[in-house]
Amino acid sequence: ISIEKVLDYAEKLMEKQGYAVVVVAEGAQDSLFRHSNSPLPGADIGLWVRDSLMGRFKQKSKTLTVKYIDPTYTVRSVRANAYDSVYCSVLARHAVHGAMAGITGVSVAMLYQ
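Residues numbered from 1 in each chain as written. Predicted model: local features only at pLDDT ≥ 70, side-chain atom pairs only at ≥ 80, totals over all residues. Heavy atoms only, no water.

A. Spotlight on the layout of surface pockets. For the second largest pocket, the calculated volume is near 520 Å³. If you go around the second largest pocket, you meet 18 residues; those closest to its centre are Val-6, Val-21, Val-22, Val-23 and Val-24. Elements represented by at least two residues in the lining of the second largest pocket include exactly α1 (3–17) and α2 (28–34). When its residues are assigned to classes, the lining of the second largest pocket shows 16 nonpolar, one polar and one charged. (1 Å grid on protein atoms, 1.4 Å probe; cavity = no way out; pocket = protein on both sides within 12 Å on 5 of 7 lines; lining within 4 Å. Points joined across faces, edges and corners; volume = space filled by probe spheres on them. Helix = DSSP H or I, 4+ residues; strand = E, 2+ residues; numbered from the N terminus. Nonpolar A, V, L, I, M, F, W, Y, C, P; charged D, E, K, R; others polar.)

B. Local environment of the packing of α1 against helix α3 (residues 45–59). Remark: α1 packs on α3, axes separated minimally by 10 Å, with the N-to-C direction vectors making an angle of 60°. Taken together, α1 and α3 sit at an angle that is classed as oblique. As α1 runs across α3, the sense of the crossing is right-handed. Counting all contacts with α1, which are made through Ile-3, Glu-4, Leu-7, Asp-8, Ala-10, Glu-11 and Met-14, the residues of α3 involved are Trp-48, Val-49, Ser-52, Leu-53, Arg-56 and Phe-57. The class makeup of the residues in the contact of α1 with α3 is eight nonpolar, one polar and four charged. (Axes fitted to C-alpha atoms, helices over the stretch in contact; angles between N-to-C directions. Parallel < 35°, antiparallel > 145°, perpendicular 65-115°, else oblique. Left-handed = near helix turned anticlockwise from the far one by under 90°. Contact = heavy atoms within 4.5 Å.)

C. Broad picture of unusual backbone geometry. Phi angles above zero are rare outside glycine, and Ser-61 is one such case at about 55°. One can find Ser-61 in the loop between α3 and α4 (82–100).

D. Here's a closer look at the pattern of salt bridges. Under the criterion given, the structure shown has seven salt bridges. The salt bridge involving Glu-4 is made with Arg-56; its shortest N-O contact spans 2.6 Å. Of this pair, Glu-4 sits in helix α1 while Arg-56 is found in helix α3, placing the two residues 52 residues apart along the sequence. The exposure class of Glu-4 is partly exposed, given its relative accessible area of 43%. For Arg-56, a relative accessible area of 8% puts it in the buried group. In this structure, Glu-15 engages Lys-62 in a salt bridge whose closest nitrogen and oxygen atoms are separated by 2.7 Å. (Salt bridge = Lys/Arg side-chain N within 4 Å of Asp/Glu carboxyl O. Buried < 20%, exposed > 50% of the residue type's maximum accessible area, 1.4 Å probe, protein only.)

Such coordinate-based values are descriptive only and should not be taken to indicate function.
In structure tokens:
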């Protein structure tokens, strides 16, 4: 996927809904820069996407408020154990099944443990 497609889609969402939530995974860096002429950012792909979004909206004289949450502050400070690995695997599997079924606008979580 190219950053231009991401920016175009975010812009359409903002016009239609008035808000957009953008989540960027670490591995997205390879895909985004394969199609980009921009230099590879040094450290954080999230900051680069945020700056790209803000630049696009500023260029088009549109207002934009960004709430950037750095995931390093939300990650717990203990090592993952076997339970965490299984739990993450189950959540990922359910998320992929939902996406492949065409379901959108969902959160995958454990309820009633």
